[in-house]
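The chain contents come next:
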Amino acid sequence: MTPGTRTRSKVLGVLLAGLLSCALSPVLLQPAEARADNMSELQEIQSQIQEHNEAYEAAVEQVEEIQAQIDENEQRIAEIEAELPGAQERASSSMRTLYKMQQSSGGLVDLLLASDDFYDLLATAQYLDVIQAHSTDALDELTALEGELELTRASLTSQMDAAQEQRAEAETALAEANAARAELQAAIEAQAAAEAAERQAAIEAAKKDQGGSFTTESGNTAPVEVPSSDGLTPVDWSVGQEAFVSTWTARIDAYLAGSPLAGQGHTFAEAAWANGVDPRFSPAISTVESSTGRYCFRPHNAWGWGNVSWGSWEEAIWAHVAGLASGYGGTLTYAGAQKYCPPNADHWYTSVLANMQRI
């Protein structure tokens, strides 16, 4: 997926989150003001994570561009340094030739006067001119190479300084993103504590209705699932982007195996990292809402998400994950379940949680 497509998907996800926020306003069990404050805090931190991630990616991209220029200049410097000894030797030889010509100017005149006819004179003059031009070219070549070498070295020094500055900016942005993630985790834990009674009631209702089914936001029928516990293991954001994407790609691909979304683990993991979203959240919702993409109510819409279609799974995943970041705090909460699927929030919450625990 291109950066431009990702950006459009993120924007679309944000817009859809806003629309759904307005369209799906249920009567909530927690005090409305407290719940709104909790969700607002999650969304604000989520926005900070996205901003820091974008700054980090921009800085890394700039470093890569500068590094390409550095590599090109280093290669040219090596080529010039390899050419210099030969150019210096040719220039020295040419200087000796010119010196001898200047010292023997009288002899050259005699040589010209000794010509038998005009054509012999012209040929002799042209010969002497070629010798002088060749000698001058050798000197010009050396001067040009030395000048290019000096300029290239100066450019290289400037580029190295710029690359160092961009690396520092990338490290700062990454540190700020990690700090925001830690803040988000603390806010999620606080949200979970505030919702403890409601979450437990939802789990008890799921146990009671286990074996039954409920209607999802997309209008499909999903089985009521009971989670193995009332929580999730925290996501480790400290491992860095490469390790994070690699680890969650494998885990999500294993979960999606055999479904229409099979092989999209890398897309889910990249989008989760970029948006600071729990990488299990979107895949789990797809299972509850559409049996992991088998019964989409709109093309490539596996999440009961608004009333839209997408042209590919990649575009859809980026849009949905961005929407989860901007509208739901990036992870599963009971308040988010009431917002996402208000008619059956209890069963939706426990079923999504059960699927997240499987990833």
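The coordinates are above.
This text gives an overview of the structure that appears in the document.

### So, the overall build of the protein chain
Regarding its fold elements, the protein chain presents eleven helices and two strands. Going residue by residue from the N terminus, the α and β elements of the protein chain occur as α-α-α-α-α-β-β-α-α-α-α-α-α. Among the 359 residues that make up the protein chain, the fraction classed as buried is 42%. A fraction of 74% describes how many contacts in the protein chain between residues 6 or more apart in sequence connect residues 24 or more apart. In the structure as shown, the protein chain presents an accessible area of about 17800 Å², 53% of it carried by carbon and sulfur atoms.

### Examining unusual backbone geometry
Although it is not a glycine, S291 adopts a positive phi angle of roughly 55°. Mapping S291 onto the fold places it in the loop between helix 8 (281–290) and helix 9 (313–328). Phi angles above zero are rare outside glycine, and T292 is one such case at about 55°. Mapped onto the fold, T292 is located in the loop between helix 8 and helix 9.

### Notes on the packing of helix 8 against helix 9
Contact pair helix 8 / helix 9: the axes reach a minimum separation of 10 Å and the direction vectors enclose 105°. Our classification of the angle between helix 8 and helix 9 gives roughly perpendicular. Contacts from F281, S282 and I285 of helix 8 reach helix 9 at H320, V321, L324 and Y328. Here the residues of the contact of helix 8 with helix 9 are counted per class, giving five nonpolar, two polar and no charged.

### What to know about the nonpolar core
With 49 residues, the main nonpolar core has F281, W303, W348 and V352 as its most contacted residues. The set of elements that each furnish at least two residues to this core consists of helix 5 (196–209), helix 6 (241–256), helix 7 (265–275), helix 8, helix 9, helix 10 (334–340) and helix 11 (345–358). Excluding residues that lie within four positions of it along the chain, F281 makes contacts with L324, Y328, G330, T331, L332, V352 and M356. By size, the runner-up hydrophobic cluster in this structure holds eleven residues, among which are I70, L84, A87 and A163.

Rules of the game
- Sequence order as written defines the numbering, with residues in each chain counted from 1.
- Residues qualify for local features only when their pLDDT is at least 70, as the model is predicted, and side-chain atom pairs are given and counted only at 80 or more; totals for whole chains, interfaces and linings, by contrast, use all residues.
- As a convention, hydrogens and water are excluded, and side-chain values are obtained from all of the structure's heavy atoms.
- Working definition: helices are DSSP H or I runs of at least four residues, strands are E runs of at least two. Numbering for both runs from the N terminus.
- Here the term buried applies to any residue with accessible area under 20% of the maximum for its type, exposed to any over 50%, and partly exposed to those in between, with areas from a 1.4 Å probe on protein chains only.
- Any two residues whose heavy atoms approach within 4.5 Å at even a single point are treated as in contact.
- Each accessible area is a Shrake-Rupley estimate made with a 1.4 Å probe; only the visible protein chains count as cover when residues are assessed.
- Lines fitted to C-alpha atoms define the axes, with helix axes restricted to the stretch in contact, and inter-axis angles between N-to-C directions lie between 0 and 180 degrees.
- The cut-offs work like this: below 35 degrees is roughly parallel, past 145 is roughly antiparallel, 65 to 115 is roughly perpendicular, and the gaps in between are oblique.
- In this classification, Asp, Glu, Lys and Arg are treated as charged, Ala, Val, Leu, Ile, Met, Phe, Trp, Tyr, Cys and Pro as nonpolar, and every other residue, Gly included, as polar.
- Here, the term nonpolar core denotes a set of buried Ala, Val, Leu, Ile, Met, Phe, Trp, Tyr and Cys residues that are joined through side-chain atoms within 4.5 Å.

Everything listed here is a matter of geometry and, on its own, says nothing about what the molecule does.
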